[in-house]
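Understanding the architecture of this molecule
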Amino acid sequence: VLDTESREKLLSVGIPPALPQQVADEELRFAILMNTSPYQTIAGVHVVDLHEGRSRVLDATGMIVRRALFTADGKELIVGGRFADSKHGILRKYSTADWSLLSEKQLPLGVIPGDMRFVTRSSASRGDAPAEFLTSCEDFRIRRINLKSLEVVAESQPFRFRLNAIDYSPTLGRVAAGLSDGQVLEFDVETLRVQKEHPGHRLKATSVLYSNDGSRLWSGSHENRILCWNSQTDKPPKALKQHTEKI
């Protein structure tokens, strides 16, 4: 989420801060703004240097962008989407030093990356584990992907409904996902098998977020409300104040 000062810098370099997708690195050095629809007038991926107030358009030729994700050290940017002329998914990795393309990986037909989260494991559990990230895909599966090779390491079973949003809790070793039928599911990060089901929303679950210690899980939906689940018990969720618009 960009703060007021960062949004003002976007305006100063001529970039509308209301583009559908926004992501920034942890130090708020760079902001990435994307238009995920190929039919809009503002297309592509815009990179804004929030420190120097400069912007550029990232070379994403032939690609319809869905999501972007910075690595923890901020040195690389992962961009996921699909080819403009086919329904094959694609992942591209860029260097934030000069925004050059480091590598890319074509995914199978219909495997189009959606929401993305990095997997961080404690050194006590798997200190030698490779860097990986998770993505929800348009074929209704979650996949775990090796950051270096961009190869798929593991995938979940297919679900009947689209997975709209995911989040990861390193404390629990779990992935949460919000589905289009309103369900909120929790998976084991290693096996990607379902561990918990939370049937609380009546409409599409569009966002999920774990607390830092993993004890609580929030989910938002198109029924204009946020639910707070206790991720360690089976107690019914607490509903936050009703919103006036879809979440």
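Residues numbered from 1 in each chain as written. Predicted model: local features only at pLDDT ≥ 70, side-chain atom pairs only at ≥ 80, totals over all residues. Heavy atoms only, no water.

Considering the overall build of the chain
Across its full length, the chain carries 2 helices and 20 strands. Contacts spanning at least 24 positions in sequence make up 34% of the contacts within the chain whose residues lie at least 6 apart. (Helix = DSSP H or I, 4+ residues; strand = E, 2+ residues; numbered from the N terminus. Contact = heavy atoms within 4.5 Å.)

Overview of the pattern of salt bridges
In this structure the tally under the stated criterion is 14 salt bridges. Measuring nitrogen to oxygen at the nearest pair gives 3.1 Å for the salt bridge that ties D115 to R117. D115 gets classed as buried once you look at its relative accessible area, which sits at 10%. One continuous salt-bridge network, built from bridges that share partners, spans R67, D115, R117 and D167. (Salt bridge = Lys/Arg side-chain N within 4 Å of Asp/Glu carboxyl O. Buried < 20%, exposed > 50% of the residue type's maximum accessible area, 1.4 Å probe, protein only.)

Examining unusual backbone geometry
A negative phi angle characterises most non-glycine residues, just as the trans form characterises most peptide bonds. Residue F140 is not a glycine yet carries a positive backbone phi of 70°. On the secondary structure map, F140 appears in the loop between β10 (132-137) and β11 (142-146). Despite not being glycine, L150 has its phi angle at roughly 65°, a positive value. Taking relative accessible area as the criterion, L150 reaches 1% and is therefore assigned buried.

Remarks on the sheet that holds strand β16 (residues 194-199)
Across the sheet, which stays open at both edges, the 4 strands sit in the order β13-β14-β15-β16 with antiparallel pairing between neighbours. The sheet is open, and its two borders are formed by β13 (163-169) and β16, each paired with just one other strand. Between one strand axis and the next, the sheet turns through 20° on average, direction left out of account. Of the strand pairs in this sheet, strand β14 (residues 174-179) and strand β15 (residues 183-188) are connected by 5 bridges, and their pairing is antiparallel. Within β15, the position partnered with G178 by the bridge is V184. (Pairing = 2+ DSSP bridges. Axes fitted to C-alpha atoms, helices over the stretch in contact; angles between N-to-C directions.)

Remarks on the nonpolar core
Counting 16 residues, the largest nonpolar core has I32, L58, L77, V79 and W99 as its most contacted members. Among the secondary structure elements, those contributing two or more residues to this core are β2 (30-34), β3 (45-49), β5 (63-70), β6 (76-83) and β7 (88-95). When residues no more than four places from it in sequence are discounted, the contact partners of W99 are F30, I32, V47, R56, L58, F70, L77 and Y94. Among the nonpolar cores identified, the runner-up in size contains 15 residues, and V175, L179, L185 and L192 belong to it. (Core = buried A, V, L, I, M, F, W, Y, C linked by side-chain atoms within 4.5 Å.)

Looking at the sheet that holds strand β20 (residues 238-239)
Reading across from one edge, β17-β18-β19-β20 is the order of the 4 strands in this open sheet, with antiparallel pairing throughout. Of all strands in the sheet, those bounded by a partner on one side alone are β17 (205-210) and β20. Note that strand β18 (residues 216-221) and strand β19 (residues 226-230) share 5 bridges and pair antiparallel. Across the sheet, residue W218 finds its bridge partner in β19, namely C228.

Describing the environment of E190
Relative to the elements of secondary structure, E190 occurs in the loop between β15 and β16. Residue E190 is classed as partly exposed on the basis of its relative accessible area of 30%. Separated by 16 residues in the primary sequence, E190 and R174 have C-alpha atoms spaced 8.5 Å apart.

Considering the pairing of β15
Burial analysis of β15 places 5 of its 6 residues in the buried class, the great majority of the element. Between the end of β14 and the start of β15, which pair antiparallel, lie 3 residues, with G182 showing a positive phi angle near 100°. The pairing of β15 with β16 spans 5 bridges and is classified as antiparallel. Looking across to β16, one finds that Q183 is bridged to P199. Following β15, the chain reverses through 5 residues before pairing antiparallel with β16; L192 in that reversal takes a positive phi of roughly 60°.

Focus on the side chain of R174
With respect to the secondary-structure elements, R174 resides in strand β14. Using a relative accessible area of 14% as the deciding quantity, one classes R174 as buried. Look past the residues within four positions of R174 in its chain and what remains in contact with it is D167, Y168, S169, E186, F187, V189, Q195, K196, Y210 and S231.

Structural notes on the environment of G182
Along the polypeptide, G182 turns up in the loop between β14 and β15. In this structure, the C-alpha to C-alpha distance between G182 and H198, residues 16 residues apart in sequence, is 8.9 Å. In contact with G182, other than residues within four places in its own chain, are H198, G200, H201, L203, K204 and A205.

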